[in-house]
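The primary structure of each chain is shown beneath.
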Amino acid sequence: MSRRGTARLALAAGAAALLVLVVFGGLGSLVLMGVGWAGLALTAVGVWWMLTHTGWIRVLAALLVVAAPLGVLLLYAAAGLLWVVVASLGLWALAVSAGRAALVEDTSPSMTERSVSRAKRPFLIMNPLSGGGKVERFHLAERARALGAEVVVLDPAQPQDVAELAWRAVQGGADLLGVAGGDGTQASVAGVAAEHDIPFMVISAGTRNHFAKDLGLDRQDPSRCLEALTDGVELRIDLGYLHAGVPVDLSAGRVFINNASFGVYAEVVQSPAYREDKARTILEMLPDLLTHPSGARLSVRAGSLTTDGPQAVLVSNNPYERGDSAGLGRRVRLDSGELGVLCVKVGNAAEATEFLLRGRQGRGLTAATARREVVVDADAPVIPVGVDGEALMLPTPVHCRLAAGALRVRVPRHRPGVPHGAPPMDWRRVRRLALTMGQVAAGRGAT
């Protein structure tokens, strides 16, 4: 279907979603929508209370999170209108999906790939503990050696400096550096690769594999990443650097491939219990951190944007998708030359409700981009910082900068998760697309 046809489908499905409510719900359609929004608001309040309280209040909040949407569904069913709501939601989902599909060609193209020759002396570092033992489970070391790579499997009993290992490998003639491990380990080796301008290779053997996801790599079978050794292409991507204190020491920058976090999340990462049980540690620490902040008061400066007193700050190597309010999704591009900035400032249940319901349009969230740098300062000389999930304590102010195109990444030619831009829904653009393309076509036919 053409873009014009897809845009028209979006408009038709959106109109049908409203008509179904009005025709079959009658005057009760307004009540249906009001009940639905009330249920969403109560659910958001319940989530906020779960995050900010412990004990029996958290238990009641959890019950509210379950009971609110369930109660809404029961009310719809009792009124005999559940099918009306389901049909309307289905049509609305179709409208949004078609609208975004019609707009997708307006988004930026994917990252540019460059054909390259095969590396002669690849050097790979593998962490056997990452991802619950993926290195051993997928026989990554054996497979890599069979493809001609030199492989060092880290010894968990004897911690090693992976950046030092990578540096020595380069001095010994390595023409490609790679890592099978977590994002923090990848960042350390990526810095060495960028410094010597040699390719860097990612093997998705970590737990979350955020960087691998944004590169489109196979996160289910990390052995497929080894195809980059024999049939690879190269991407030029940006690299983030942290410089702490005044004056800024440009030679002592800490690399980040994903993001640097400040405030609430950074303080959670500092906890010794975080590594053992992340979810439980977050739930135990969040109430005090959100309602009785004892840490430093942050301030953020990104270009013309200045934000004072945010509870959480996320500075990312390239912005996350516009529909991703928390920076937990993906980055469509890693070569835009921009830092992404997300600042969260939520003080009560009402603001939390607006934040959860409206995302980036809510008052609790400030989203921006910066080309030169982002400066995070505080009323304390040292603050906790989470860098690609690793806990650090850095002197203030902390300068986040981007080195555009600094890293050469070697990836397989065929990747299952190559990201494609998913534009935010814009009804005005969809309507204009549905109408103007027809007018242009008619005009051409008349000549």
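Cut-off values and rules
Residues numbered from 1 in each chain as written. Predicted model: local features only at pLDDT ≥ 70, side-chain atom pairs only at ≥ 80, totals over all residues. Heavy atoms only, no water. Axes fitted to C-alpha atoms, helices over the stretch in contact; angles between N-to-C directions. Helix = DSSP H or I, 4+ residues; strand = E, 2+ residues; numbered from the N terminus. Parallel < 35°, antiparallel > 145°, perpendicular 65-115°, else oblique. Left-handed = near helix turned anticlockwise from the far one by under 90°. Contact = heavy atoms within 4.5 Å. Nonpolar A, V, L, I, M, F, W, Y, C, P; charged D, E, K, R; others polar. Core = buried A, V, L, I, M, F, W, Y, C linked by side-chain atoms within 4.5 Å. Buried < 20%, exposed > 50% of the residue type's maximum accessible area, 1.4 Å probe, protein only. Salt bridge = Lys/Arg side-chain N within 4 Å of Asp/Glu carboxyl O. Lys, Arg positive; Asp, Glu negative; His and termini not counted. Polar contact = N/O pair within 3.5 Å; in protein donor to acceptor, adjacent residues only side chain to side chain. Expected span 1.5 Å × (residues − 1). Arc of directions from axis to C-beta. Pairing = 2+ DSSP bridges. Phe/Tyr/Trp six-rings, centres within 6.5 Å; stacked < 30°, edge-to-face > 60°. Patch = residues over 30% accessible without salt bridge, like charges linked within 9 Å, V, L, I, M, F, W, Y side chains within 5 Å. Areas by Shrake-Rupley, 256 points an atom, 1.4 Å probe, with all protein chains shown as cover. pLDDT = per-residue confidence, 0-100.

1. A few points about the packing of helix α7 (residues 162–171) against helix α8 (residues 183–196)
Here is step 1 of the chain: Close contact between α7 and α8 brings their axes to 8 Å; oriented N to C, the two are set at 30 degrees. The angle between α7 and α8 falls in the class roughly parallel. In the packing of α7 onto α8, the handedness of the crossing is right-handed. Contact with α7, carried on its side by V162, A163, A166, W167, V170 and Q171, involves T185, S188, V189, V192 and H196 of α8 and no other residues of that element.
Here is step 2 of the chain: For the contact of α7 with α8, the class distribution of residues is 7 nonpolar, 4 polar and no charged.

2. Digging into the nonpolar core
Here is step 1 of the chain: Membership of the largest hydrophobic core comes to 55 residues, with the highest contact counts inside it found for L124, M126, L140, L177, F200, I203 and L407.
Here is step 2 of the chain: Excluding residues within four positions of it along the chain, L177 makes contact with F123, A166, A169, V170, V189, V192, A193, I198, P199, F200 and M201.
Here is step 3 of the chain: Grouped together as the second largest cluster of nonpolar side chains are 25 residues, A260, F262, V341 and V398 included.

3. A short note on the pattern of salt bridges
Here is step 1 of the chain: Tallied over the entire structure, the rule returns 14 salt bridges.
Here is step 2 of the chain: Put simply, R168 and E164 hold a salt bridge, and the shortest N to O gap is 3.0 Å. Taken together, the residues span about one helical turn, with R168 and E164 both in helix α7 at a distance of 4 residues.
Here is step 3 of the chain: The exposure class assigned to R168 is exposed, which follows from its relative accessible area of 54%.
Here is step 4 of the chain: One salt bridge connects R408 with E234, and the closest N-O pair in it is separated by 2.9 Å.

4. A short note on the side chain of D238
Here is step 1 of the chain: Here D238 is to be found in strand β6 (residues 232–244).
Here is step 2 of the chain: R371 is the oppositely charged side chain nearest to the buried, salt-bridge-free D238, at an N-O distance of 7.1 Å.
Here is step 3 of the chain: At 3.3 Å, the side chain of D238 and the backbone nitrogen of S336 are in polar contact.
Here is step 4 of the chain: Residue contacts for D238: discarding those within four places in its chain leaves N317, N318, L334, D335, S336, G337, E338, L402, A403, A404, G405 and A406.

5. Points about the environment of L91
Here is step 1 of the chain: As for its position among the elements, L91 is in helix α4 (residues 82–103).
Here is step 2 of the chain: On the basis of relative accessibility, which here comes to 24%, the residue L91 falls in the partly exposed class.
Here is step 3 of the chain: Residues L91 and A17, spaced 74 residues apart in sequence, show a C-alpha to C-alpha distance of 5.2 Å.
Here is step 4 of the chain: If sequence neighbours within four positions are ignored, L91 has contacts with A13, A16, A17 and V20.

6. Considering α4
Here is step 1 of the chain: Helix length check: α4, at 22 residues, gives a terminal C-alpha distance of 32 Å against a target of 32 Å (1.5 Å per residue), a fit within 8%.
Here is step 2 of the chain: Of all the positions in α4, only V84, V85, S88, A95, A98, G99, A102 and L103 are classed as buried. Seen from one end, α4 has its buried residues packed into an arc of 160 degrees, which puts them on one side. Away from its buried face, by an angle of more than 90 degrees, α4 presents the exposed residues V86 and L89.

7. Here we look at the sheet that holds strand β13 (residues 365–370)
Here is step 1 of the chain: Sheet architecture is open: 6 strands sit in the order β13-β12-β11-β8-β15-β16, paired in antiparallel fashion. Bordering the open sheet on either side are β13 and β16 (390–395), each of which pairs with just one other strand. Between one strand and the next, the sheet's axes are offset by a mean angle of 20 degrees, whatever the strand orientation.

8. Some thoughts on the pairing of β6
Here is step 1 of the chain: Extensive coverage of β6 is indicated by the burial of 11 of its 13 residues.
Here is step 2 of the chain: As paired strands, β6 and strand β17 (residues 398–412) are joined by 12 bridges and run antiparallel to one another. Paired with E234 across the bridge in β17 is R410.

9. Details of the packing of aromatic side chains
Here is step 1 of the chain: One pass over the full model with this rule turns up 1 aromatic pair.
Here is step 2 of the chain: Arranged with centres 5.5 Å apart and planes meeting at 40 degrees, the rings of W92 and W427 form a pair that is tilted. With W92 in helix α4 and W427 in helix α13 (residues 427–446), this residue pair connects regions lying 335 residues apart in the sequence.
Here is step 3 of the chain: Residue W427 is classed as partly exposed on the basis of its relative accessible area of 29%.

10. Remarks on the pairing of β17
Here is step 1 of the chain: Note: strand β5 (residues 200–203) against β17, 2 bridges, orientation parallel. Bridging across to β17, F200 finds its partner in V409.
Here is step 2 of the chain: Inspection of the sheet shows strand β14 (residues 373–378) paired to β17 by 4 bridges, in the antiparallel sense. Bridge pairing links V375 to H399 in β17.

11. Notes on the side chain of R410
Here is step 1 of the chain: With respect to the element layout, R410 can be found in strand β17.
Here is step 2 of the chain: Within the structure, R410 has its side chain in polar contact with the backbone oxygen of S117 (distance 3.4 Å).
Here is step 3 of the chain: In this structure the side chain of R410 is engaged in a polar contact, spanning 3.5 Å, whose partner is the side chain of E234.

12. Here's the deal with a nonpolar patch on the surface
Here is step 1 of the chain: On the surface, a cluster of nonpolar side chains totalling about 540 Å² of accessible area is made up of L19, V22, V23, F24 and W83.
Here is step 2 of the chain: Per-element tally for the nonpolar patch: the top contributor is helix α1 (residues 3–25), with 4 residues.
Here is step 3 of the chain: Tracing the backbone through its elements, the reader meets V22 in helix α1.

13. Re the confidence of the model for the protein chain
Here is step 1 of the chain: Mean pLDDT over the protein chain works out to 81, with 80% of the residues at or above the 70 mark.
Here is step 2 of the chain: pLDDT under 50 marks residues 438–447. Its contacts with residues more than four places away, or in other chains, come to 1 contact.

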